[in-house]
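Observations on the three-dimensional arrangement
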Amino acid sequence: AQSVTQLDSHVSVSEGTPVLLRCNYSSSYSPSLFWYVQHPNKGLQLLLKYTSAATLVKGINGFEAEFKKSETSFHLTKPSAHMSDAAEYFCVVSDAGGTSYGKLTFGQGTILTVHP
Amino acid sequence: ETGVTQTPRHLVMGMTNKKSLKCEQHLGHNAMYWYKQSAKKPLELMFVYNFKEQTENNSVPSRFSPECPNSSHLFLHLHTLQPEDSALYLCASSHLSGITDTQYFGPGTRLTVL
């Protein structure tokens, strides 16, 4: 069984300040972990992906996430927020579990607000 | 952004109507997915097709009927829907490679059932 918990439903930051979106996961297998972003009235866009390679993963738009197995966490960070980062962010876990595809389990989402 | 397209983008229908949602992927993928995104709830996987064969039906009511004529196209046929079916319906595709594959999403169809 797999699950993912996003610890904050809303995060508010000022433009130019760091962003931290927290995610904890549970998985019976070695998981793959993703962060997706969804802007209003748009589909989900992949930000970054971890699949058992380097534990620090760099994504698009300056985002990165660190896989910490001991803490079962995969927090998303960005050094300096931009107004265009305002969106909803989803942490996603997948374990192949021997099947030919990995079933994705989505977190509840974190809405990021960026103030000028 | 244009890798996975969905039409229509918005749909309003009555409970007695029949309509269809269309998804097309231009990425050469061999797996396609339907998800439902309701307010205040996590994304729910509805159906999975691998190589045109349905491999997952996540206890979806029969008023939703998927169709996958080929690896590039996926339909969701709707009939006698209920107001609680109003949601954003997202299509995704991926390339099966034996390990966890990245899913790429379309923009969604915003469905309102009156």
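As a reminder, the structure under discussion sits directly above these lines.
All of these numbers come straight from a predicted model, not from anything done at the bench. (Residues numbered from 1 in each chain as written. Chains lettered and ligands numbered in written order. Predicted model: local features only at pLDDT ≥ 70, side-chain atom pairs only at ≥ 80, totals over all residues. Heavy atoms only, no water.)

Now for the overall build of chain A. Scanning chain A from terminus to terminus reveals 0 helices and 12 strands. The linear arrangement of helices and strands in chain A, starting from the amino end, is β-β-β-β-β-β-β-β-β-β-β-β. By the compact-globule yardstick of 13 Å for 116 residues, chain A fits well, its C-alpha radius of gyration being 14 Å. Taking the principal axes of its C-alpha atoms as reference, chain A extends roughly 45 × 30 × 20 Å. Counting only residues that meet the buried cut, chain A has 44% of its 116 residues in that class. Restricting the contact set of chain A to residue pairs at least 6 apart, pairs at least 24 apart contribute 57%. (Helix = DSSP H or I, 4+ residues; strand = E, 2+ residues; numbered from the N terminus. Rg over C-alpha atoms; globule rule 2.2 N^0.38 Å. Buried < 20%, exposed > 50% of the residue type's maximum accessible area, 1.4 Å probe, protein only. Contact = heavy atoms within 4.5 Å.)

Residue and element names in this part refer to chain A. Residue placement: Leu-104 occurs in strand E11 (residues 103-106). We classify Leu-104 as buried; its relative accessible area is 6%. Separated by 10 residues in sequence, Leu-104 and Ser-94 have C-alpha atoms that sit 4.8 Å apart.

Describing an aromatic ring pair means giving the distance of the ring centres and the angle of the ring planes. Evaluation of the coordinates by the stated rule reveals 13 aromatic pairs over all chains. Between Phe-90 of chain A and Phe-106 of chain A, the aromatic rings sit 6.5 Å apart at their centres with planes inclined by 80°, giving edge-to-face as the arrangement. Residue Phe-90 of chain A is located in strand E10 (residues 87-95), and its partner Phe-106 of chain A is located in strand E11; the two are separated by 16 residues in the primary sequence. Pair check on accessibility: Phe-90 of chain A and Phe-106 of chain A agree, each one buried. Ring centres 5.4 Å apart and planes at 45° place the aromatic pair Tyr-35 of chain B and Phe-105 of chain B in the tilted group. Within this pair, whereas Tyr-35 of chain B is found in strand E4 (residues 31-37), its partner Phe-105 of chain B is found in strand E10 (residues 104-105), the two being separated by 70 residues in sequence. By relative accessible area, which is 9% here, Phe-105 of chain B ends up buried. An aromatic cluster is defined as three or more aromatic residues linked by ring pairs; in this entry it consists of Phe-34, Tyr-36, Phe-90 and Phe-106 of chain A together with Tyr-33, Tyr-35 and Phe-105 of chain B. (Phe/Tyr/Trp six-rings, centres within 6.5 Å; stacked < 30°, edge-to-face > 60°.)

This paragraph deals with the pattern of salt bridges. Following the criterion strictly, the structure yields 5 salt bridges over all chains and no others. We note a salt bridge from Asp-85 of chain A to Lys-78 of chain A, for which the minimum N-O separation is 2.8 Å. With relative accessibility at 4%, the residue Asp-85 of chain A sits in the buried group. Arg-63 of chain B is the salt-bridge partner of Asp-85 of chain B, the closest N and O atoms lying 2.7 Å from each other. Here the residue Asp-85 of chain B occupies a position in the loop between strand E8 (73-79) and strand E9 (87-94), and Arg-63 of chain B occupies one in the loop between strand E6 (53-57) and strand E7 (64-70), the gap between them amounting to 22 residues. (Salt bridge = Lys/Arg side-chain N within 4 Å of Asp/Glu carboxyl O.)

Within the element layout of this structure, Pro-107 of chain B appears in the loop between E10 and strand E11 (109-113). A C-alpha to C-alpha distance of 24 Å links Pro-107 of chain B and Ser-59 of chain B, two positions 48 residues apart in sequence. Residues within four places of Pro-107 of chain B in sequence aside, it is in contact with Asn-41, Lys-42 and Gly-43 of chain A together with Val-4, Thr-5, Gln-6, Arg-9, Leu-88 and Leu-90 of chain B.

Residue and element names in this part refer to chain B. Relative to the elements of secondary structure, Ser-93 occurs in strand E9. Look at Ser-93 and you get buried, because its relative accessible area is 0%. One polar contact links Ser-93 to His-29, side chain to side chain, over a distance of 2.8 Å. The residues contacting Ser-93, other than those within four sequence positions of it, are Val-4, Gln-25, Leu-27, His-29, Ala-31, Met-32, Tyr-33, Thr-102, Gln-103 and Tyr-104. (Polar contact = N/O pair within 3.5 Å; in protein donor to acceptor, adjacent residues only side chain to side chain.)

All names here are of chain B. The strand order E1-E3-E8-E7 describes an open sheet built from 4 strands, whose pairing is antiparallel. Where the open sheet ends on each side, the last strands, each with one partner, are strand E1 (4-7) and E7. Taking the axes of each pair of neighbouring strands and ignoring which way they run, one obtains an average angle of 20° across the sheet. Looking at chain direction, E1 and strand E3 (residues 18-25) are connected through 4 bridges and run antiparallel. Considered in E3, the bridge of Thr-7 is made with Lys-22. (Pairing = 2+ DSSP bridges. Axes fitted to C-alpha atoms, helices over the stretch in contact; angles between N-to-C directions.)

Let us look at the nonpolar core. One finds Trp-35, Leu-48, Leu-76 and Tyr-89 of chain A to be the most contacted residues of the largest nonpolar core, which totals 26 residues. Ranked by the residues each element gives to this core, the list is headed by E10 of chain A, at 4 residues. Among the nonpolar cores identified, the runner-up in size contains 22 residues, and Trp-34, Leu-74, Leu-78 and Ala-87 of chain B belong to it. (Core = buried A, V, L, I, M, F, W, Y, C linked by side-chain atoms within 4.5 Å.)

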